[in-house]
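Now for the letters of each chain:
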Amino acid sequence: MDYFTLKFIINGFIISILLSLFIFLDLLNLKYISNLSLISAIFGFYFILKSNKKIWFWSGFFIGFFWFYWISFSLIYYDFAYLIPVEILGICLIYGFIFLAAGWLENIYIKAIFLLFASYIAPFGFDWLNFELIFVDTFFIPSIYTLALMLISIIIAIKFNIYFGISLLICSLAINYNNKIEYRGLPFDISLISTNISQDKIWDRSTKDKIVKNNLNMIDQAISDGSRIVVLPESAFPLFLDHSEILLSVLKQKSYQIAIVTGALGTSDNKLYNSTYLFDKGEVKRLDKLILVPFGEEIPLPNFIKDLINRLFFDSAVDYSHANSVSDYEIDGIKIRNAICYEATRDELFINEPKFMIAITNNAWFTPSTQPNLQSKLLKLKAYKYKTIIYHSVNGSPSQMITP
């Protein structure tokens, strides 16, 4: 019961704020604000490395809340909003026990190794807890090496009582001195469409025709603007596009004037797919999602539990199916990696370090929240790590072009 001592709870709460502040300060969208949150994180790492396992439990508990509270928001659209507090509590407990396991031996070096490789500990395949994100948009290189140097410097400060003199000197080795490198984007104009359709409207049959009409109008506007490609978000067309012959014909015709990349559903062999459709010069190509969202597009549990959950919560719906490998397409001879939402933040999508990626996303499941900010940080980290330029078209938050 001493785990519930107010002192431990308060200390864990403060540490979690220090290590999560970068996400919330990003909402301000101010230049260099991330450097302020970096200072906060340094103190967060310092205090957590000095803390005992009980404080580690509460630090993980509240980090689970501050980083991932928004996951529960999707319950609103399945008419289970009353379960939001239960899901948030479950998320907090999962990360609380993960941190407790890391801090159990009270060994500062094991604790530091956990913080360094936290992204490899992925409950149900969900790997968004990555402390390298703290360095994104700062003067420091966003990499595991920077994180390692910072943790080493803090251990030096704790062990040898040398406060941040030598420590900061070591960290300075990771400053991004090479920030003047310019990366060239696609050699033609691209229109990244941002939409703001609430999740309860996307699949409402009464709004489907209006959504389709608006999409066609945005494509026409991109044609008028002289763009070579127009990119619409995930699920931009809320239907099985490969079964919509009239709409397919319209989009093929428009593709003689502009290449169209858009999200919609797809089916093959009685399987359901979340797909990207490419229309170009009268031809259409469907590219299916490879990595599915845990508990959103698939239930990552044994079949007997999966079937029970689908019956109880998803009206006996079946999981989405996934592609067998990453998918690329070419426009004017230039190879582009395809990515849909969550998978754009996963290392598996960056095999062979693609030069260009077009990602489409629907964030309406989770907005308003800090989810788009965390997602953007992850995409920036991957762009830097793999030297990939990412074009990101989004529903529910701003679209953006992300360079390394």
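Residues numbered from 1 in each chain as written. Predicted model: local features only at pLDDT ≥ 70, side-chain atom pairs only at ≥ 80, totals over all residues. Heavy atoms only, no water.

Caption draft 1: Region of interest: the overall build of the protein. Regarding its fold elements, the protein presents twelve helices and ten strands. For 404 residues, the compact-globule formula gives about 22 Å, and the C-alpha radius of gyration of the protein, at 23 Å, lands near that figure. Each principal axis of the C-alpha atoms in the protein carries an extent, and together these give about 70 × 55 × 35 Å. When burial is assessed residue by residue, the protein has 55% of its 404 residues classed as buried. Relative to all contacts within the protein whose residues are 6 or more apart in sequence, the contacts with residues 24 or more apart total 70%. (Helix = DSSP H or I, 4+ residues; strand = E, 2+ residues; numbered from the N terminus. Rg over C-alpha atoms; globule rule 2.2 N^0.38 Å. Buried < 20%, exposed > 50% of the residue type's maximum accessible area, 1.4 Å probe, protein only. Contact = heavy atoms within 4.5 Å.)

Caption draft 2: Structural detail: helix H9 (residues 205-224). Here H9 contains 20 residues, and its C-alpha end-to-end distance of 30 Å stays within 8% of the 28 Å for a straight helix at 1.5 Å per residue. Those residues of H9 that fall on the buried side of the exposure criterion are Thr207, Ile211, Val212, Asn215, Leu216, Ile219, Ala222 and Ile223. Tucked inside the fold, the buried residues of H9 contact strand S1 (190-192), helix H8 (199-202), strand S2 (229-231), helix H10 (245-254) and strand S3 (259-268). (Expected span 1.5 Å × (residues − 1).)

Caption draft 3: Highlighting the nonpolar core. Formed by 73 residues in total, the largest nonpolar core has its most connected members in Phe45, Trp67, Phe68, Leu115 and Phe131. Sorting the residues of this core by element identifies helix H1 (6-25), helix H2 (33-50), helix H3 (53-68), helix H4 (84-103), helix H5 (108-116), helix H6 (144-160), strand S8 (356-362) and helix H12 (371-386) as the ones contributing at least two each. Broken down by element, the residue count for this core peaks at ten residues, all from H3. Apart from residues no more than four positions distant in its own chain, Phe131 is found in contact with Leu19, Phe45, Ile63, Trp67, Phe99, Leu115, Ala118 and Leu147. (Core = buried A, V, L, I, M, F, W, Y, C linked by side-chain atoms within 4.5 Å.)

Caption draft 4: Representation of a nonpolar patch on the surface in the model. Judged by side-chain polarity, Leu6, Ile10, Phe13, Ile14 and Ile17 come together as a nonpolar surface patch covering roughly 420 Å² of accessible area. In this fold, Ile17 is placed in helix H1. (Patch = residues over 30% accessible without salt bridge, like charges linked within 9 Å, V, L, I, M, F, W, Y side chains within 5 Å. Areas by Shrake-Rupley, 256 points an atom, 1.4 Å probe, with all protein chains shown as cover. Salt bridge = Lys/Arg side-chain N within 4 Å of Asp/Glu carboxyl O.)

Caption draft 5: Spatial organisation of the sheet that holds S3. With respect to topology, five strands assemble into an open sheet ordered S1-S2-S3-S4-S5, the strand pairing being mixed. Each edge of the open sheet is held by one strand with a lone partner, namely S1 and strand S5 (283-288). Geometrically, the sheet is characterised by an average inter-axis angle of 30° between neighbouring strands, direction not taken into account. Its contacts with the sheet place H10 against S3, strand S4 (271-280) and S5, and it is angled at close to 30° to S4. (Pairing = 2+ DSSP bridges. Axes fitted to C-alpha atoms, helices over the stretch in contact; angles between N-to-C directions.)

Caption draft 6: Up close: the environment of Ile340. Along the chain, the position of Ile340 falls in strand S7 (residues 334-340). C-alpha of Ile340 to C-alpha of Asp288: the two residues are 52 residues apart in sequence and 8.5 Å apart in space. The contacts of Ile340, once residues within four sequence positions are left out, are Glu234, Asn274, Ser275, Thr276, Leu287, Lys289 and Ile360.

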